[in-house]
Amino acid sequence: MAAANKERTFIAIKPDGVQRGLVGEIIKRFEQKGFKLVAMKFMQASKDHLKQHYIDLKDRPFYSGLVDYMNSGPVVAMVWEGLNAVKTGRVMLGETNPADSKPGTIRGDFCIQVGRNICHGSDSVESAKKEIALWFKDEELVDVKNCAYEWVYEN
């Protein structure tokens, strides 16, 4: 398997996505795209964990509200793997502000306001590595050959 095809991204379905019953639809889109699910947790994240996750936003006026919101219900934390997983994952999610998202994207199809934009997606390979390490232990990442690999990637 080519190293480029093993790029990983962190995707989290936020409490609004969980409460609205969109978990299966979001997973389905990543599976249908051809990405491989490497890890997944359904959990209630602590405020301390969320503060660490959003540490780069700590000086923004919405930081506290974001942490409170993300702590308001369970989330689904996932790691997906594939060629350009970070960039493609962001395209699949749509713009941070759903009003700027195209139809066919997750946010374009299911969101109206930025404060309820259903998913978080890593914005760079470096961020993905940090976020994956924050949410998952190494032994929780499953590295198994996907039987559909040859049908998704050229050799």
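Bear in mind the structure is a predicted one, so any value in this text is a computation, not a measurement. Here the residue index of a chain counts from 1 through its sequence in written order. For a predicted model such as this one, the threshold for reporting local features is a pLDDT of at least 70, and the threshold for listing and counting side-chain atom pairs is 80 or more; totals across whole chains, interfaces and linings nevertheless cover every residue. To get the side-chain values, take all heavy atoms of the structure and skip hydrogens and water.

> Describe the overall build of the protein, naming the residues involved and giving the relevant values.
Counting from the N terminus, the helices are DSSP H or I runs at least four residues long and the strands are E runs at least two residues long. The helix and strand inventory of the protein stands at eight helices and four strands. In sequence order, the protein lays out its α and β elements as β-α-α-β-α-α-β-α-α-β-α-α. Only the C-alpha atoms count toward the radius of gyration. The rule for a globule is 2.2 Å times the residue count to the power 0.38. Radius of gyration (C-alpha) of the protein: 15 Å, near the 15 Å computed for a compact globule of 155 residues. Projected onto its principal axes, the C-alpha coordinates of the protein cover approximately 50 × 35 × 25 Å.

> Account for the sheet that holds strand β2 (residues 36-43), with residues named and values stated.
An order of β2-β3-β1-β4 is seen for the four strands of this open sheet, with the pairing classed as antiparallel. Looking at strand neighbours, the two that pair on one side only are β2 and β4 (119-121), the edges of this open sheet. Across the sheet, the mean angle separating the axes of adjacent strands is 15° when strand polarity is ignored. When DSSP locates at least two bridges between a pair of strands, those strands are taken to pair. Judged from the six bridges that link them, strand β1 (residues 8-13) and strand β3 (residues 75-81) form a sheet pairing that is antiparallel. Within β3, the position partnered with phenylalanine 10 by the bridge is valine 79. The strands touched by helix α5 (residues 85-93) within the sheet are β1, β3 and β4, with β1 carrying the most contacts at an inclination of about 30°. With axes taken as lines fitted to C-alpha atoms, and helix axes fitted only over the stretch in contact, angles between N-to-C directions fall between 0 and 180 degrees. Residue contacts are counted whenever heavy atoms from the two residues lie within 4.5 Å of one another.

> Talk me through the nonpolar core; I want residue IDs and the actual numbers.
The definition of a nonpolar core used throughout is a set of buried Ala, Val, Leu, Ile, Met, Phe, Trp, Tyr and Cys residues joined through side-chain atoms within 4.5 Å. With a 1.4 Å probe rolled over the protein chains alone, any residue whose accessible area is under 20% of its type maximum counts as buried; one over 50% counts as exposed, and the rest are partly exposed. In terms of nonpolar packing, the biggest core is built from 20 residues, with Phe10, Met70, Val79, Trp135, Phe136 and Leu141 touching the most fellow members. Only β1, β2, α4 (63-70), β3 and α7 (125-135) provide two or more residues apiece to this core. With sequence-adjacent residues up to four places away left out, phenylalanine 10 is seen in contact with His53, Ala77, Met78, His120, Gly121, Ser122, Ala128, Glu131, Ile132, Trp135 and Phe136. With 18 residues, the next largest nonpolar core counts Ile11, Phe35, Leu93 and Ile118 among its residues.

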